[in-house]
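Each chain is listed here by its residues.
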Amino acid sequence: MAEDISNNFSNTKTSQKTGSNDFVRKLFKILEAGEYTNIICWTENGDSFVVLDTNEFTTKILPRHFKHSNFASFVRQLNKYDFHKVKRTSEEKQNSQYGEHSWEFKHPFFRIHDEQALDSIKRKTAVQKKIVLDENTVLVKQSADGSAIEPDSATSLILNNTVSKSKFTQLKRKVETLEQELQQIKNENYNMKLGYQKMQSKYNTVLESFLTSKALNDSLVNNFNILSTSLSQQGLELPQGLNFNLASSTNAQSPRKTQSPEFSSVVPTQITLQKPNSNVDSGPSSTASNDIIEPPVLRPGFHVLLVEDDAVCIQLCSKFLMKYGCSVEVVTDGLSAISTLEKFRYDLVLMDIVMPNLDGATATSIVRSFDNQTPIIAMTGNIEDQDLVTYLQHGMNDILAKPFTKDDLHSMLIRYLRNRIPLSEQRSNTASKDDQTPLAEENGSASLISEEPPLKKQLI
Amino acid sequence: MPTSVPIPTDVINWEILSEIVSMDEDNPDFSKELIIQYIDQAETTFAHIEAELDGSCDLTQLASLGHFLRGSSAALGLQRIAWACERIQNYGRKREGVVSGQEDDAHFAGLIRQTLEQARLEFAAVRRELSKFYHTQL
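The structure presented is a predicted model; accordingly, all values stated were derived computationally and were not measured. Numbers given to residues run from 1 along each chain, matching the order in which its sequence is written. For naming, the first written chain is A and the first written ligand is 1, with later ones following in the order written. pLDDT decides what is reported in this predicted model: residues at 70 or higher carry local features, side-chain atom pairs at 80 or more are listed and counted, and totals for whole chains, interfaces and linings draw on all residues regardless.

## Considering the overall build of chain A
(1) Moving on: Only DSSP runs of H or I reaching four residues or more are called helices, and only runs of E reaching two or more are called strands; each is numbered from the N terminus. Secondary structure assignment for chain A yields 20 helices and 9 strands.
(2) Moving on: For chain A, with 460 residues in total, the buried portion stands at 28%. Three exposure classes are used. Buried residues have 20 or more other C-beta atoms within 10 Å of their own C-beta, exposed residues have 12 or fewer, and partly exposed residues fall in between, all C-beta atoms being placed from the backbone.

## So, the overall build of chain B
(1) Moving on: From N to C terminus, chain B includes 5 helices and 0 strands.
(2) Moving on: Going from the N terminus to the C terminus, chain B shows its helices and strands as α-α-α-α-α.
(3) Moving on: Burial status across chain B gives 40% buried among its 138 residues.

## Here's the deal with the UniProt feature "modified residue: Phosphohistidine" (unreviewed entry) in chain B
(1) Moving on: According to UniProt, the feature "modified residue: Phosphohistidine" (unreviewed entry) maps to His67 of chain B in the numbering used here.
(2) Moving on: By secondary structure assignment, the location of His67 of chain B is in helix H3 (residues 59-75).
(3) Moving on: With 22 C-beta atoms counted inside 10 Å, the residue His67 of chain B sits in the buried group.
(4) Moving on: This entry defines residue contacts through backbone-placed C-beta atoms, with two residues in contact when those atoms are within 7 Å. When residues no more than four places from it in sequence are discounted, the contact partners of His67 of chain B are Val354 of chain A together with Gln89 of chain B. UniProt positions are given in the numbering used here, feature names are shortened, and annotations may be inferred rather than shown by experiment.

## A closer look at the sheet that holds strand E4 (residues 103-106) of chain A
Residue and element names in this part refer to chain A.
(1) Moving on: Spatially, E1-E2-E4-E3 is the arrangement adopted by the 4 strands of the open sheet, whose pairing is antiparallel. Sheet topology places strand E1 (40-42) and strand E3 (84-85) at the edges, where each strand pairs with a single neighbour.
(2) Moving on: In terms of strand pairing, strand E2 (residues 48-51) meets E4 through 4 bridges, oriented antiparallel. Paired with Ser48 across the two strands is Lys106, which belongs to E4. Pairing between strands is defined by DSSP: at least two bridges between them are needed.

## What about the interface of chain B and chain A?
(1) Moving on: Tallying the contact residues gives 17 residues for chain B and 14 residues for chain A.
(2) Moving on: Elements that contribute at least two residues to the side of chain B that touches chain A include exactly helix H1 (14-22), helix H2 (30-54) and H3 of chain B.
(3) Moving on: Here the side of chain B that touches chain A gets 7 residues from one element, more than from any other, and that element is H3 of chain B.
(4) Moving on: Basically, the charged four are Asp, Glu, Lys and Arg, the nonpolar ten are Ala, Val, Leu, Ile, Met, Phe, Trp, Tyr, Cys and Pro, and anything else, Gly included, counts as polar. Residue classes in the side of chain B that touches chain A are distributed as 10 nonpolar, 5 polar and 2 charged.

## Some remarks on the packing of helix H4 (residues 79-92) of chain B against helix H5 (residues 105-134) of chain B
All names here are of chain B.
(1) Moving on: To define axes, lines are fitted to C-alpha atoms, for helices over the stretch in contact only, and angles between the resulting N-to-C directions are given on a 0 to 180 degree scale. In the contact formed by H4 and H5, the axes pass within 9 Å of each other and the chain directions differ by 165°. For the element pair H4 / H5, the angle class is roughly antiparallel. Handedness of the H4/H5 crossing: left-handed. Contacts between H4 and H5 involve Arg80, Ile81, Ala84, Cys85, Arg87, Ile88, Tyr91 and Gly92 on the former and, on the latter, Phe108, Leu111, Ile112, Thr115, Leu116, Gln118, Ala119, Glu122, Phe123 and Val126.
(2) Moving on: When grouped by side-chain class, the residues that make up the contact of H4 with H5 number 12 nonpolar, 3 polar and 3 charged. Here the angle decides the label: under 35 degrees means roughly parallel, over 145 means roughly antiparallel, 65 to 115 means roughly perpendicular, and every other value means oblique. Handedness of a crossing follows from how the near helix is turned relative to the far one, being left-handed for an anticlockwise turn of less than a right angle and right-handed for a clockwise one.

## Describing the nonpolar core
(1) Moving on: Formed by 74 residues in total, the largest nonpolar core has its most connected members in Leu350, Met351 and Ile377 of chain A.
(2) Moving on: Beyond its immediate chain neighbours, meaning those up to four positions away, Ile377 of chain A contacts Leu348, Val349, Leu350, Met351, Met396, Asn397, Asp398, Leu400 and Met412 of chain A. To form a nonpolar core, buried Ala, Val, Leu, Ile, Met, Phe, Trp, Tyr and Cys residues must be joined through C-beta atoms within 7 Å.

## Regarding the sheet that holds strand E6 (residues 327-331) of chain A
Residues and elements named next belong to chain A.
(1) Moving on: Here we have 5 strands laid out as an open sheet, ordered E6-E5-E7-E8-E9, and parallel in their pairing. A single partner strand is all that each edge strand has here, and the edge strands are E6 and strand E9 (398-401). Neighbour-to-neighbour, the strand axes of this sheet turn through a mean angle of 25°, independent of strand direction.
(2) Moving on: By the bridge criterion, 5 bridges tie strand E5 (residues 303-307) to E6 in an arrangement that is parallel. Within E6, the position partnered with Leu305 by the bridge is Glu329.
(3) Moving on: Most of the contacts of helix H15 (residues 360-367) go to strand E7 (residues 348-352), to which it runs at about 145°, and overall it touches E5, E7 and strand E8 (376-380).

## A closer look at the environment of Leu27 of chain A
(1) Moving on: Tracing the backbone shows Leu27 of chain A in helix H2 (residues 22-33).
(2) Moving on: Each C-alpha atom, one on Leu27 of chain A and one on Phe66 of chain A, is 9.0 Å from the other, the two residues being 39 residues apart in sequence.

## Points about unusual backbone geometry
All names here are of chain A.
(1) Moving on: For the peptide bond that leads from Lys402 to Pro403, omega is -10°, which places it in the cis range.
(2) Moving on: Considering the arrangement of structural elements, one finds Pro403 in the loop between E9 and helix H17 (406-417).
(3) Moving on: Residues other than glycine seldom take positive phi values, yet Asn357 does so here, at roughly 70°.
(4) Moving on: Relative to the helices and strands, Asn357 resides in the loop between E7 and H15.

## Examining H1 of chain B
(1) Moving on: Taken residue by residue, H1 of chain B has Ile16, Leu17 and Ile20 of chain B as its buried positions. The buried residues of H1 of chain B occupy one face: seen down the axis, they fall within an arc of 90°. Of the residues in H1 of chain B, the exposed ones pointing more than 90 degrees away from the buried face are Glu15 and Ser18 of chain B.
(2) Moving on: Close packing links the buried residues of H1 of chain B with helix H13 (311-323) of chain A together with H2 of chain B. Of all possible arcs, the one meant is that of the directions from the helix axis to the C-beta atoms.

## Concerning the pairing of E4 of chain A
All names here are of chain A.
(1) Moving on: Across the two faces of E4 the burial differs, with Trp103 and Phe105 buried and Glu104 and Lys106 not buried at all.
(2) Moving on: By the bridge criterion, 2 bridges tie E3 to E4 in an arrangement that is antiparallel. Each bridged residue has a counterpart across the sheet, and for Lys85 the counterpart in E4 is Phe105.

## Description of the confidence of the model for chain A
(1) Moving on: pLDDT is a per-residue confidence score from the predictor, ranging from 0 to 100. Across chain A, pLDDT averages 74, with 68% of residues at or above 70.
(2) Moving on: Per-residue pLDDT stays below 50 along residues 1-17 of chain A; that stretch engages in 8 contacts with residues further than four places along the chain or on separate chains.

## Here's the deal with the environment of Leu121 of chain B
(1) Moving on: For Leu121 of chain B, the position within the fold is in helix H5.
(2) Moving on: Along the backbone, Leu121 of chain B and Arg80 of chain B are 41 residues apart, and their C-alpha atoms lie at a distance of 9.8 Å.

## Re the pairing of E2 of chain A
Residues and elements named next belong to chain A.
(1) Moving on: Alternating positions in E2 separate into two faces, Ser48 and Val50 on one and Phe49 and Val51 on the other, with burial throughout.
(2) Moving on: The sheet contact formed by E1 and E2 spans 3 bridges and is antiparallel. Bridged to Cys41 within E2 is Val50.
(3) Moving on: The antiparallel hairpin formed by E1 and E2 contains 5 residues in its connecting segment, where Gly46 sits at a positive phi of about 80°.

## Re helix H4 (residues 71-80) of chain A
Because an α-helix packs 3.6 residues into every turn, residues spaced three or four apart end up facing the same way.
All names here are of chain A.
(1) Moving on: Where burial is concerned, most of H4 is hidden: 7 out of the 10 residues are buried.
(2) Moving on: Every buried residue of H4 is listed here: Phe71, Ala72, Ser73, Phe74, Val75, Arg76 and Leu78.
(3) Moving on: After H4 finishes, the residue Asp82 shows a positive phi value of roughly 70°.

## A few points about the packing of H2 of chain B against H3 of chain B
Residues and elements named next belong to chain B.
(1) Moving on: Contact geometry for H2 and H3: axes closest at 10 Å, N-to-C directions at 165°. Overall, the two elements H2 and H3 adopt an arrangement that is roughly antiparallel. Seen from above, H2 lies across H3 with left-handed handedness. Residue-level contacts link Tyr38, Gln41, Ala42, Thr45, His48, Ile49 and Glu52 of H2 to Gln61, Leu62, Leu65, Phe68, Leu69 and Ser72 of H3.

So, in structure tokens, the structure goes:
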């Protein structure tokens, strides 16, 4: 029987007119003959065929009917006639009625019992890109097998393309990643530049406003001096030290112009009442003219923190303070002063300078980082200029030279507490609003300004 | 060049002490108790200074002790003791007692020791005067 077919084939071979697709017709005959149905057969629909066992196909059919020495070569030939392998998922492969390792091929004109249609199947003339794209898997498989490949220029071209393409993709991805990173860094750099410029402009603004207020102060002082000179020339008697007073009050006030709106809106009553009166001996401005006549009033109930390490001074000072209606709390070193001021608020702080643990000036500078309001008065026997400057630069408001009399202390209390309402009374009226909010708001915005008022005063 | 600051004439500045004494009106023994406290403090401080001079002779520490007693002395109007304490403080800081600029620590320690003796004399004078004033042996 095998011989018959073989003869039959040879007959066909000789009788066929279209020699262009011998390969396809040979394959058609084998399928139509159905001799090797356990190796190769039509599918049920008849529009494709299946190689059920590639090994058997390679050993039994290829040597006898084709010139191809291996299955891969046969497949490549099929591809050249535009046959396509029917792709299946691994699941479909497992469930395939033709077995897991079967290969199904299809061509639109290669159908069961349809010899006529074979005329339409032609060998492709040129290598088309389409092949590369569609048959990548097959081609890669071939090269991976390490099996002999026809020294076909088209094939090598295809393979070369595939390899370089994957390398290209790899490189492309790398470049893309690098580009992304570069962009990221550019963005970061840009943001940093932006931040720096913002800081710079803020700094310039602050500096400018300081300079402006300084210029304003200078002109105010000048104008006032001219005014007071002309007034005294007209026979008006001016209180002593008036020039100094105005200068100190304007200077003390001016930094507030640069402060944040919240700051000035929350604290104004306290500041304006306390600062312009920084010299007790007289009423500095025209609005305060009454004060020259009326004795300054110090309300009872002020809460004073006394920071002092000397027992005798503590006794004496707290005695004086109580005499003026103040309640006194005593701590004996700088560290305790800080921790106490963190927890409680006082109307005034009297601070010794030389103390164990932490000196009063340093303690004050730390307190100023969270409390810009509470007046802190240095009590010291060191009244050398350089020391005084240091104290003021640390954020202390004033200096009470030791030894001081009851009157000296009273003057200081008047200077900072006159016409003010003790915190204890404010607290009962306005709950905690006055105690808490200003502190919180100042922390961020006004820390820069904290040292300004004393500095300005010191310049006079 | 010991110092250019002259020592006050009076042992006690009564302008200051009177004010403190006047506080006795609402607290009878206030000023006397304060003085007693001061006397105790002064004796302790003198002893500390002497111990420091005999011991490690740390000038900074001596200056600090001088400063400490100076404060309370001045607060009570005991101006000659305060003056002596200020000298001790300044010698300790080498701000006074400098002649050539080549002096070693011993030079300043010597000055402090001299001044300590003077301070003790002033202290004795204060005790006499205040004992008379309070009609008590202080």
